[in-house]
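# Geometric and topological summary
Each chain, written out:
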Amino acid sequence: MGETKKNTYSKGEMFGYLTGMFGQNLVYQVIAAGLVSVYLGSVLYIPAAAVSAIIFIARIWDAVNDPMMGTIVDRTHTKWGKCRPYLIIFPAIIGAMTILCFMNGIYTNPGASKVLIVAWAAVSYIVWGMLFTVCDIPLWGITSLMTDDQNDRAKIIGLARVAAGIGGIGTVVSFVPDAFAGMFKGKYDAMVKAGEITQQMANNEIKKASWIFTVVVLTVIATILFEIAGLVTRERVPGDAEDKRGIIDNFKIMWNCKPFRQILISGVLRSPLQLLMILAMPLLLYYYTDFNLMENAMKYDGGMRIVKIGIIGLAVFVPQFVAMAITPNLVKKFENKKLYNFYSVVGAVPYLLLFVAYKVSGGNLLPWVWIIVTALCIGLAAASMGGINVMQSIMIADCVDYEEYHKGYRPDGVFFSGQSFLTKLSGGIAALIQGVVYTIVKFSGENLDNINFRLAQGEHFYQLDGGKYAAAMFFLISIPIAIGMLLSALPIKNYAMTDSEHAQMLEKLVERRNSAEAD
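Reading the values: rules and limits
- Residues numbered from 1 in each chain as written.
- Predicted model: local features only at pLDDT ≥ 70, side-chain atom pairs only at ≥ 80, totals over all residues.
- Heavy atoms only, no water.
- Helix = DSSP H or I, 4+ residues; strand = E, 2+ residues; numbered from the N terminus.
- Rg over C-alpha atoms; globule rule 2.2 N^0.38 Å.
- Buried < 20%, exposed > 50% of the residue type's maximum accessible area, 1.4 Å probe, protein only.
- 1 Å grid on protein atoms, 1.4 Å probe; cavity = no way out; pocket = protein on both sides within 12 Å on 5 of 7 lines; lining within 4 Å.
- Points joined across faces, edges and corners; volume = space filled by probe spheres on them.
- Nonpolar A, V, L, I, M, F, W, Y, C, P; charged D, E, K, R; others polar.
- Contact = heavy atoms within 4.5 Å.
- Polar contact = N/O pair within 3.5 Å; in protein donor to acceptor, adjacent residues only side chain to side chain.
- Axes fitted to C-alpha atoms, helices over the stretch in contact; angles between N-to-C directions.
- Parallel < 35°, antiparallel > 145°, perpendicular 65-115°, else oblique.
- Core = buried A, V, L, I, M, F, W, Y, C linked by side-chain atoms within 4.5 Å.
- Phe/Tyr/Trp six-rings, centres within 6.5 Å; stacked < 30°, edge-to-face > 60°.
- Patch = residues over 30% accessible without salt bridge, like charges linked within 9 Å, V, L, I, M, F, W, Y side chains within 5 Å.
- Areas by Shrake-Rupley, 256 points an atom, 1.4 Å probe, with all protein chains shown as cover.
- Salt bridge = Lys/Arg side-chain N within 4 Å of Asp/Glu carboxyl O.
- Left-handed = near helix turned anticlockwise from the far one by under 90°.

## Details of the overall build of the protein chain
- Helix and strand content of the protein chain: 21 helices and zero strands.
- Taken over C-alpha atoms, the radius of gyration comes to 23 Å for the protein chain, in line with the 24 Å a tight globule of 519 residues would show.
- For the C-alpha atoms alone, the extent of the protein chain along its principal axes is close to 80 × 45 × 40 Å.
- Counting only residues that meet the buried cut, the protein chain has 59% of its 519 residues in that class.

Right, here's the structure in full:
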């Protein structure tokens, strides 16, 4: 085992990889928490049904695109390896495309074509998703190539999840734009005075310009950090000398590998879990700040609203990081499938309690006692999310070993494309659920424009139209997720690979590699 330990990453390499992971997820949050969760619906006022359709279609395309990219990665053989070339070349391209996604109708005059705005949103988002996949699969796949030591691999995957979670700071893209509104206010106020546009239109254009400025700054920083992963990492575990498998072959490999198939099915059933991250920022923006952080955060509750927002925000993210950090150590003590299903089943409870708390409070969760109850529920729920994400990555990496042991090749790219596919498909299904609920309560399109204007005039979101919009949000981050978490435990109940079986496989694989090197 001492000889195996030498064939692993250095501390500097690990730090560089984690920096790149942070940068990648910063970019991801600009799109997920910014474009998808807020910008398309609440700034461009694209109808919720259209936004959901765009996201869902993009995710269905990813069902084909991700395995295709996994196939390409597994057939890549360069002096840099099979994952690193993509991590070196594509971060800057992804950064440019991220900015283009927001440059949609820079000035929306009354005669602007909604069709063109929706078309731009659809095409740019789908292209962005394809480009992101080009780096996402290699970024996770390289973890199984940087070391052949099981503990070191679990460690870096766990830390990668933490780095990815910290990258969630990119969700500030939803809050920061209001801070820059003053940069653009003069121009549009002058247009209002001249009678060229209404005050409602001016508010919309100021918000849009502030968003674009914020996105450019965050994306440039994120892209520089993202690039570091490709520059500092090294691939040590040898892949196939020549891989001639096509995409159909790889689909068969994915489905025929029983433990991997069980993880895929479980992940699809857990799709509503993505609603928490989709709705976290809109919930904070609307329910706690009436869609204007800068004006309202210190205005209510004797100036303590900002503290309450901070507590809820920390509850969304900090427990995730803690769970991600400790899960690799828990893996050493507990069976993978038991830990995975613990996070699934026990994690469903706090999600369910969120809606119970909302109903019991009469729809007003703003008093301190309910802030504490809400934070506890969200914190426990977020911890289960962080833990299960780490378990999924660890178990997929184990499936790569499983396939190499039984079939003689390592489908790193293809299997980690499955993880990318699960994340994206889950987001698509979650967005579809959100779109249906938002359409039913009419939290969409022109009505959302009117809602935002009413909030700007001093009305409160939690009371608006009998509280039906707030109820819709709390329903979405509670009931569907709880059901999905419970269902996701079923495919893993009889998981096809025990920890002891995997340990034996890995030991024999290391012996094979050492023997091949000696020859």
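The rest of the description comes next.
## Side note on the layout of surface pockets
- Of the voids in this model, the largest pocket is the one considered here, and its volume is about 620 Å³.
- What lines the largest pocket is a set of 29 residues, among which Asn203, Lys207, Asn292, Glu295 and Ala456 lie closest to the centre.
- If you list the elements that add at least two residues to the lining of the largest pocket, you get α2 (11-43), α9 (199-232), α13 (293-296) and α18 (445-456).
- Residue contributions to the lining of the largest pocket peak at seven residues, all from α9.
- When the residues that make up the lining of the largest pocket are grouped by side-chain class, the tally is 11 nonpolar, 10 polar and eight charged.

## Describing the environment of Val414
- The residue Val414 is located in helix α17 (residues 412-441) in this model.
- Leave out the neighbours within four places in its chain, and Val414 touches Gly70, Thr71, Asp74, Asn250 and Met254.

## Points about the side chain of Thr98
- Tracing the chain through its elements places Thr98 in helix α5 (residues 91-102).
- With a relative accessible area of 0%, Thr98 lands in the buried category.
- Among the polar contacts listed, one links the side chain of Thr98 to the backbone oxygen of Ile94, at a separation of 2.8 Å.
- Not counting the four nearest positions on each side in its chain, Thr98 is found in contact with Val27, Val30, Ile31, Trp128 and Thr219.

## Concerning the environment of Phe416
- Position of Phe416 relative to the elements: it lies in helix α17.
- On the basis of relative accessible area, Phe416 is assigned to the buried category, the value being 1%.
- What Phe416 contacts, discounting residues up to four positions off in sequence, is Ile137, Trp140, Gly141, Thr143, Ser144, Ser393, Ile396, Ala397 and Val400.

## Regarding helix α19 (residues 468-476)
- Among the residues of α19, Tyr469, Ala470, Ala472, Met473, Phe474 and Leu476 are the ones counted as buried.
- Lining the buried residues of α19 we find α12 (274-288), α15 (336-360), α17, α18 and α20 (479-488).

## Here's the deal with the packing of α12 against helix α14 (residues 305-331)
- Viewed as axis vectors pointing N to C, α12 and α14 meet at an angle of 170°, and their least axial separation amounts to 11 Å. Taken together, the axis directions place α12 and α14 in an arrangement best described as roughly antiparallel. Two secondary-structure elements touch here, α12 through Met277, Ala280, Met281, Leu284 and Tyr288 and α14 through Arg305, Ile309, Ile312, Gly313, Val316, Phe317 and Gln320.
- Its residues assigned to classes, the contact of α12 with α14 shows nine nonpolar, two polar and one charged.

## Considering the side chain of Gln29
- Structurally, Gln29 is set in helix α2.
- Take Gln29: its relative accessible area is 10%, and that puts it in the buried class.
- For Gln29, the contacting residues outside a window of four places in its chain are Gly34, Gly167, Gly168, Gly170, Thr171 and Val173.

## Quick look at the nonpolar core
- The biggest cluster of nonpolar side chains holds 151 residues, and the ones touching the most others in it are Tyr17, Phe102, Tyr287, Phe415 and Phe443.
- With 16 residues, helix α16 (residues 368-407) is the single largest residue contributor to this core.
- Look past the residues within four positions of Phe102 in its chain and what remains in contact with it is Val30, Ile31, Gly34, Leu35, Tyr39, Trp211, Ile212 and Val215.
- Formed by six residues, the second largest nonpolar core is a distinct cluster that contains Met191, Ile197, Met201 and Ala202.

## Digging into empty space enclosed by the protein
- The final tally for this structure, using the stated rule, is five cavities of 30 Å³ or more.
- One number sums up the size of the largest cavity: a volume of about 780 Å³.
- Here the second largest cavity is characterised by a volume of approximately 170 Å³.
- Considering the residues around the second largest cavity, the lining is formed by 19 residues, among which Ser37, Gly41, Ala48, Gln434 and Tyr438 are closest to the centre.
- Taken together, the elements giving at least two residues each to the lining of the second largest cavity come down to α2, α3 (48-74), α12, α17 and α18.
- Of the residues in the lining of the second largest cavity, the class split is 11 nonpolar, eight polar and no charged.

## Here's the deal with the packing of aromatic side chains
- By the definition in use, this model includes 24 aromatic pairs.
- Ring geometry for Tyr287 and Phe474: centres 5.1 Å apart, planes at 80°, overall edge-to-face. With Tyr287 in helix α12 and Phe474 in helix α19, the pair connects residues that are 187 residues apart, well separated along the chain.
- Take Tyr287: its relative accessible area is 0%, and that puts it in the buried class.
- Judged by relative accessible area, Phe474 falls into the buried class, the value being 0%.

## Re a nonpolar patch on the surface
- A grouping of Trp255, Ile265, Leu269, Ile483, Leu487 and Leu490 is seen on the molecular surface, where their side chains present a nonpolar patch of about 550 Å² in accessible area.
- Counting only elements with at least two residues in the nonpolar patch, the list comes to α11 (258-269) and α20.
- The residue Trp255 is located in helix α10 (residues 247-256) in this model.
- The class for Trp255 is partly exposed, based on a relative accessible area of 47%.

## Side note on the packing of α2 against α5
- Between α2 and α5, the shortest axis-to-axis distance is 11 Å and the interhelical angle comes to 15°. Classified by the interaxial angle, the pair formed by α2 and α5 is roughly parallel. Judged by the sense of rotation from one axis to the other, the crossing of α2 with α5 is left-handed. Between α2, through Val27, Val30, Ile31, Gly34, Leu35 and Tyr39, and α5, the contact on the second element is made entirely by Ile94, Thr98, Cys101 and Phe102.
- Here the residues of the contact of α2 with α5 are counted per class, giving eight nonpolar, two polar and no charged.

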